[in-house]
Amino acid sequence: MPTWNYATVHAYGAARTIADPGWLRDFVRRLTERHEAREPAPPWRMADLPEPYIASMLMGIVGVEIAVSRLDGKFKLSQNRPAADRPRIVAALEGREDADSRAVAELMREREPG
C-alpha cells in the first residue's frame, strides 16, 4: 500500500536572481558535492567533466537566492489512516533500505498522538 508520506518546508521571502557565473559555478559544485557524498559508488564530480560541457550546462541554470521571512512546516504522515494502520505503515517504511523512508517512519513515531 503506498503511503506517500512526507515532511516539507515552505519558504517565503523576497527572491532575486544571481547572474554571477562564478557564484553559480561554486554553488552547483557545493550542491553536487553534498548530494553525491551520499552515493555508495565514487561520487560524480564536476571537476571530472570537460570545461566546455560544464560551461554550457551552467548557462541553462538560473541562480536564485531567497531572503527567507517565514518558514511553514507541513507533514502528511498517514493522519488520514485509521490509528490501527499506522504501526504497520511505520514498520513497512522502516523495512526499506533508503534513509528517507526510515526518516519518515521516525517522524511518524515522534508525531503519533499519545
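Counting of residues starts from 1 at the beginning of each chain's written sequence and follows it residue by residue. Local features in this predicted model are restricted to residues whose pLDDT is 70 or higher, and side-chain atom pairs enter the listing and the counts only when it is 80 or higher, whereas totals over whole chains, interfaces and linings include all residues. Each side-chain value is derived from all of the structure's non-hydrogen atoms; neither hydrogens nor water enter the calculation.

A. Structural detail: the confidence of the model for the protein chain. Per-residue confidence for the protein chain gives a mean pLDDT of 90, with 96% of residues at or over 70. On a range of 0 to 100, pLDDT expresses the predictor's confidence in each residue. Only runs of H or I of at least four residues qualify as helices and only runs of E of at least two qualify as strands under DSSP, and these elements are numbered from the N terminus. Looking across the protein chain, the model is least confident in helix α4 (residues 99–111), with a mean pLDDT of 90, and most confident in helix α2 (residues 51–58), with 95.

B. View of the pattern of salt bridges. For this analysis, a salt bridge means a side-chain nitrogen from Lys or Arg found within 4 Å of a carboxyl oxygen belonging to Asp or Glu. Within the structure shown, the criterion is met by eleven salt bridges. Residue Arg81 pairs with Asp85 through a salt bridge whose shortest N-O separation is 2.6 Å. Accessibility here uses a 1.4 Å probe with only protein chains present; expressed as a share of the type maximum, an area under 20% marks a residue as buried, one over 50% as exposed, and anything in between as partly exposed. A relative accessible area of 31% places Arg81 in the partly exposed class. The buried category is assigned to Asp85, whose relative accessible area is 14%. A single network of salt bridges, built from pairs that share partners, joins Asp26, Arg29, Arg30 and Glu33.

C. Highlighting the packing of helix α1 (residues 21–36) against α2. At a minimum axis separation of 11 Å, α1 and α2 run at an interaxial angle of 105°. When the axis of α1 is compared with that of α2, the two are roughly perpendicular. Touching Leu24, Arg25 and Val28 of α1 are Glu51, Ile54, Ala55 and Leu58, all from α2. Each residue is assigned to one class: nonpolar for Ala, Val, Leu, Ile, Met, Phe, Trp, Tyr, Cys and Pro, charged for Asp, Glu, Lys and Arg, and polar for all the others, Gly among them. Taken together, the residues that form the contact of α1 with α2 break down as five nonpolar, no polar and two charged. Convention adopted: a line fitted to C-alpha atoms gives each axis, helices being fitted over their contacting stretch, and angles between N-to-C directions are expressed from 0 to 180 degrees. Throughout, the term roughly parallel applies to angles under 35 degrees, roughly antiparallel to angles over 145, roughly perpendicular to angles from 65 to 115, and oblique to all others. When checking whether two residues touch, look at their non-hydrogen atoms; a contact exists if any pair is within 4.5 Å.

D. Quick peek at the layout of surface pockets. Definitions used for this entry: grid spacing 1 Å over protein atoms alone; cavity, a set of points where a 1.4 Å probe fits but cannot get out; pocket, an open set with protein on both sides within 12 Å along at least 5 of 7 lines; lining residue, one with an atom within 4 Å of a point. Grid points are joined across faces, edges and corners, and a volume is the space filled by probe spheres set on the points. Space inside the largest pocket adds up to approximately 180 Å³. What lines the largest pocket is a set of 13 residues, among which Ala19, Pro21, Leu24, Leu58 and Ile61 lie closest to the centre. Among the elements of the structure, β1 (6–18), α1 and α2 are those that each provide at least two residues to the lining of the largest pocket. Among the elements that take part in the lining of the largest pocket, α1 stands out by supplying three residues, more than any other. Taken together, the residues of the lining of the largest pocket sort by class into nine nonpolar, two polar and two charged.

E. How the structure looks around α4. The span one expects for a helix is its residue count, reduced by one, times 1.5 Å. Here α4 contains 13 residues, and its C-alpha end-to-end distance of 18 Å stays within 8% of the 18 Å for a straight helix at 1.5 Å per residue. Buried within α4 we find Ser101, Val104, Ala105 and Met108. Down the axis of α4, the smallest arc covering the buried residues is 100°, so these residues share one side. In α4, the exposed residues that point more than 90 degrees away from the buried face are Asp100, Arg109 and Glu110. The elements touched by buried residues of α4 are α3 (86–94). Directions pointing from the helix axis toward each C-beta atom define the arc.

F. Layout of the packing of aromatic side chains. Stacked, tilted and edge-to-face are the three classes assigned to paired rings of Phe, Tyr and Trp, where Trp is represented by its six-membered ring and a pair needs centres within 6.5 Å; plane angles under 30 degrees give stacked, over 60 edge-to-face, the rest tilted. Here the structure, examined in full by the defined rule, presents one aromatic pair. Measuring from ring centre to ring centre gives 5.2 Å for Trp23 and Phe27, while their planes differ by 0°; the resulting arrangement is stacked. Of this pair, Trp23 and Phe27 both sit in helix α1, four residues apart, roughly one helical turn. Of the residues examined, Phe27 reaches a relative accessible area of 33% and is grouped as partly exposed. Looking at Arg70, its charged tip hangs above the ring of Tyr12, at a distance of 3.9 Å from the centre. The criterion is that NZ of a Lys, or CZ of an Arg, lies within 6 Å of the ring centre and within 35 degrees of the ring normal, and then a charge sits over that ring. Here Arg111 stacks its cationic end above the ring of Phe75, 3.8 Å away from the centre of that ring.

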